[in-house]
Amino acid sequence: MSPMTTAVRAGVRRGAIEIRQTLTNAGDFANYIFLPSVFFIVMYFLRGNTVPGTDFSLSTMTIPSVVGLQVAFGGLMGLGGTLIMEREDGTLLRAKAIPNGMLGYLVGKVVMGVEQALVAVTIILILGAFLFDGLRLGSPGAWLTLAWVLLLGLVATMPMGAVLGSLFSSSRSIGFMSLPVMGLIAISGIFYPITSFPVWLQWIGQVFPIYWLGLGMRSALLPDSLASVEIGESWRHLEMVGVLGVWAVAGLILAPIVLRRMARRESGSSMAVGREKAMQRWT
Amino acid sequence: MLALLGPNGAGKTTTIEILEGFRMRSAGEVRVLGVDPAKGDEAWRARLGVVLQSWRDHGKWKVRELLDNLGRYYAPYGTPERKRPYDPDDLVKTVGLAEHANKKISSLSGGQRRRMDVAIGIVGRPELLFLDEPTAGFDPHARREFHDLVHRLSDLEDTTILLTTHDLDEAEKLADRILILADGAIIADGFADQLSRRMSTNAEVKWTRGGQHFVDAPTDATRFVRELFDQYGEEISDLEVRRASLEDAYMSLVHQFESGQGETAAREFEEV
């Protein structure tokens, strides 16, 4: 077996082991369900509201949007945050000290990212099916759309997440990032149809993958009549593939360059400096 | 086993990072196992083992599980004479972590954690192992245990070990050859006993004669003692000969270097 194949296989095992760790650890498992739980509580209180111009429940509309949000958020912030943290604790340097270790490390992270997205989506859909009516969970076509939108979403967001994680130098900067991201979620039509916002806000929202993943998931799980509240009164699959495709291509081109640069800079002393900074934050 | 000895800030870690290929050299030429570390490929990397000053990674992993996973990367680089990787079960025994094999790494004590790092460092059966200040922050017991482990490793098979330390005692105990580094330059190079002979020529001799204690510091202790016996024979008791500690000589050497008289110090040292 070639060294590369070996590394990929070791990476897949690494991913599987880390998945088991997150699923058997109460703290990590809480991370999976924290965000969806908050959304569900909010949605439950808003369950009487309807999507403007229809008699469809706003809460039900929000479920697929939250699925899309979860995929985008997990892909962008999850992988990025892990990279920053594991750079500080030396996991990356360890990978660098091992033949083809970086390859195996990244494969492990991808396996883990895919699994986390699947678990999160499953949890949201199960809760959604129990608490709210109106999702097209019985239709095979819905699942097919969900599957390809999910796949496309992961390819569009995970490489970009890795780029973000390599650009930021410390875990503190992740905190700085969360504010603009919250703003972005607000204008991405997740909790309220994007068509109710001013046009210039709509344009900003449409640059980022959060909006398109929400739209894709709505197209999978909501009745077609709900397309009427979307921009252009359509699910716009073609445009979605276009925008997410651009993100994916950009991410796939940038990620290897940025990751390689980051890996090159990794050394024991740079790690020590990073950790020192992290320690100062706590004391 | 080679020890790179020097005070804090002497350039030990910088040197070792250049050798590991983790840092670019600013000038000069470097060869590690016949390869320039800056251009070392993965096959080259597979022949090295690296143990850094402090690692906190993989806290959620279990000891044996991590050794098994990381060992897999080395399998394609094994040869019939040098099988890679180590069997993880043998390895946990070698580093004395057998009873902790299924514990989480985050639950290990400082000394156990460092032995775990060594286990990871040697999992690929390296030809060259780097240990960067492996016992920094250890209590005496953990330090002794670690020294025993390093001795076992060097006996085990043909692995060259490059160790950095600021502890002279440690260098003397573990290494065959010692390089002393100060301010980025090598100021001494030699085998441990050779160095100690060169650095301190005076030995301390203590003895008792006729119920009286005597102390002297002759230049040639062997000759002094022979003459002592020639002169007094049976009267001598409680004889004790101790080479004046290397440490004092090392300290003054380093001190001179730091106060900017490095070159004279090194020259004096060579002359001795």
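Residues numbered from 1 in each chain as written. Chains lettered and ligands numbered in written order. Predicted model: local features only at pLDDT ≥ 70, side-chain atom pairs only at ≥ 80, totals over all residues.

Caption draft 1: Structural context of the overall build of chain A. Of the regular secondary structure elements, chain A holds 11 helices and zero strands. Mapped from its N terminus to its C terminus, chain A presents α and β elements in the order α-α-α-α-α-α-α-α-α-α-α. In terms of overall dimensions, chain A is globule-like: its C-alpha atoms have a radius of gyration of 20 Å, near the 19 Å expected for 283 residues. Each principal axis of the C-alpha distribution contributes one length, and for chain A these read about 60 × 45 × 35 Å. Within chain A, the fraction of its 283 residues that count as buried is 42%. Considering only intrachain contacts with a sequence separation of at least 6, the fraction spanning at least 24 residues in chain A is 81%. (Helix = DSSP H or I, 4+ residues; strand = E, 2+ residues; numbered from the N terminus. Rg over C-alpha atoms; globule rule 2.2 N^0.38 Å. Buried ≥ 20, exposed ≤ 12 C-beta atoms within 10 Å, placed from the backbone. Contact = placed C-beta atoms within 7 Å.)

Caption draft 2: Quick look at the nonpolar core. Counting 70 residues, the largest nonpolar core has Ala3(B), Leu5(B), Leu67(B), Ala119(B) and Leu163(B) as its most contacted members. Not counting residues within four places of it along the chain, the set of residues in contact with Ala119(B) comprises Leu67(B), Leu91(B), Val92(B), Val95(B) and Leu97(B). (Core = buried A, V, L, I, M, F, W, Y, C linked by C-beta atoms within 7 Å.)

Caption draft 3: Seen up close, the sheet that holds strand 8 (residues 212-216) of chain B. Residues and elements named next belong to chain B. Read from one edge to the other, the open sheet built from three strands follows the order 8-7-9, with strand pairing classed as antiparallel. Looking at which strands have only one partner, the edges of the open sheet turn out to be strand 8 and strand 9 (236-243). Sheet twist, expressed as the mean angle between neighbouring strand axes with direction ignored, is 15°. The pairing of strand 7 (residues 203-209) with strand 9 spans six bridges and is classified as antiparallel. Counted as the bridge partner of Glu-204 is Arg-242 from strand 9. Along the sheet face, helix 9 (residues 221-232) touches strand 7, strand 8 and strand 9 and points at about 15° away from the line of strand 7. (Pairing = 2+ DSSP bridges. Axes fitted to C-alpha atoms, helices over the stretch in contact; angles between N-to-C directions.)

Caption draft 4: Local environment of the interface of chain A and chain B. Taken together, the contact between chain A and chain B spans 25 residues of the former and 25 residues of the latter. Secondary-structure elements contributing two or more residues to the side of chain A that touches chain B are helix 1 (3-23), helix 3 (58-89), helix 4 (91-96), helix 5 (101-131) and helix 11 (268-282) of chain A. For the side of chain A that touches chain B, the element with the highest residue contribution is helix 1 of chain A, accounting for eight residues. Residues of the side of chain A that touches chain B, tallied by class, amount to eight nonpolar, 11 polar and six charged. (Nonpolar A, V, L, I, M, F, W, Y, C, P; charged D, E, K, R; others polar.)

Caption draft 5: Geometry of the packing of helix 3 of chain A against helix 5 of chain A. Residues and elements named next belong to chain A. Direction vectors running N to C along helix 3 and helix 5 enclose 155°, while the axes themselves pass 10 Å from each other. As the angle between them shows, helix 3 and helix 5 are arranged roughly antiparallel. Considering the relative orientation of helix 3 and helix 5, their crossing is right-handed. Only Lys-109, Gly-113, Gln-116, Ala-117, Ala-120, Val-121, Ile-124, Leu-125 and Gly-128 of helix 5 make contact with helix 3, whose side of the interface consists of Ile-63, Val-66, Val-67, Gln-70, Val-71, Gly-74, Gly-75, Gly-78, Leu-79 and Thr-82. Here the residues of the contact of helix 3 with helix 5 are counted per class, giving 10 nonpolar, eight polar and one charged. (Parallel < 35°, antiparallel > 145°, perpendicular 65-115°, else oblique. Left-handed = near helix turned anticlockwise from the far one by under 90°.)

Caption draft 6: Inspection of the confidence of the model for chain B at higher detail. Residues and elements named next belong to chain B. Averaged over all residues, the pLDDT of chain B is 83; the fraction at 70 or higher stands at 89%. Put simply, helix 10 (residues 246-271) is where chain B has its lowest mean pLDDT, 62, and helix 3 (residues 63-72) is where it has its highest, 95. Overall fold confidence for the complex sits at a pTM of 0.83, while the interface term, ipTM, reaches 0.83. (pLDDT = per-residue confidence, 0-100.)

Caption draft 7: Structural view of unusual backbone geometry. Looking along the chain, the bond that leaves Arg84(B) and enters Pro85(B) is cis, with omega of -10°. By the secondary structure assignment, Pro85(B) is in the loop between helix 3 and helix 4 (88-94). Positive phi is not limited to glycine here, since Glu233(A) has a value of about 45°. Structurally, Glu233(A) can be placed in the loop between helix 9 (209-221) and helix 10 (237-265).

Caption draft 8: Broad picture of the sheet that holds strand 1 (residues 2-5) of chain B. All names here are of chain B. If you trace the six strands from one edge of the open sheet to the other, you get 2-3-4-1-5-6, paired in mixed fashion. Edge strands, defined here as strands with exactly one partner in the open sheet, are strand 2 (48-51) and strand 6 (185-191). The average angle at which neighbouring strand axes cross in this sheet is 15°, direction not considered. Bridge count between strand 3 (residues 128-132) and strand 4 (residues 160-165): five bridges; the pairing is parallel. Each bridged residue has a counterpart across the sheet, and for Phe-130 the counterpart in strand 4 is Leu-162.

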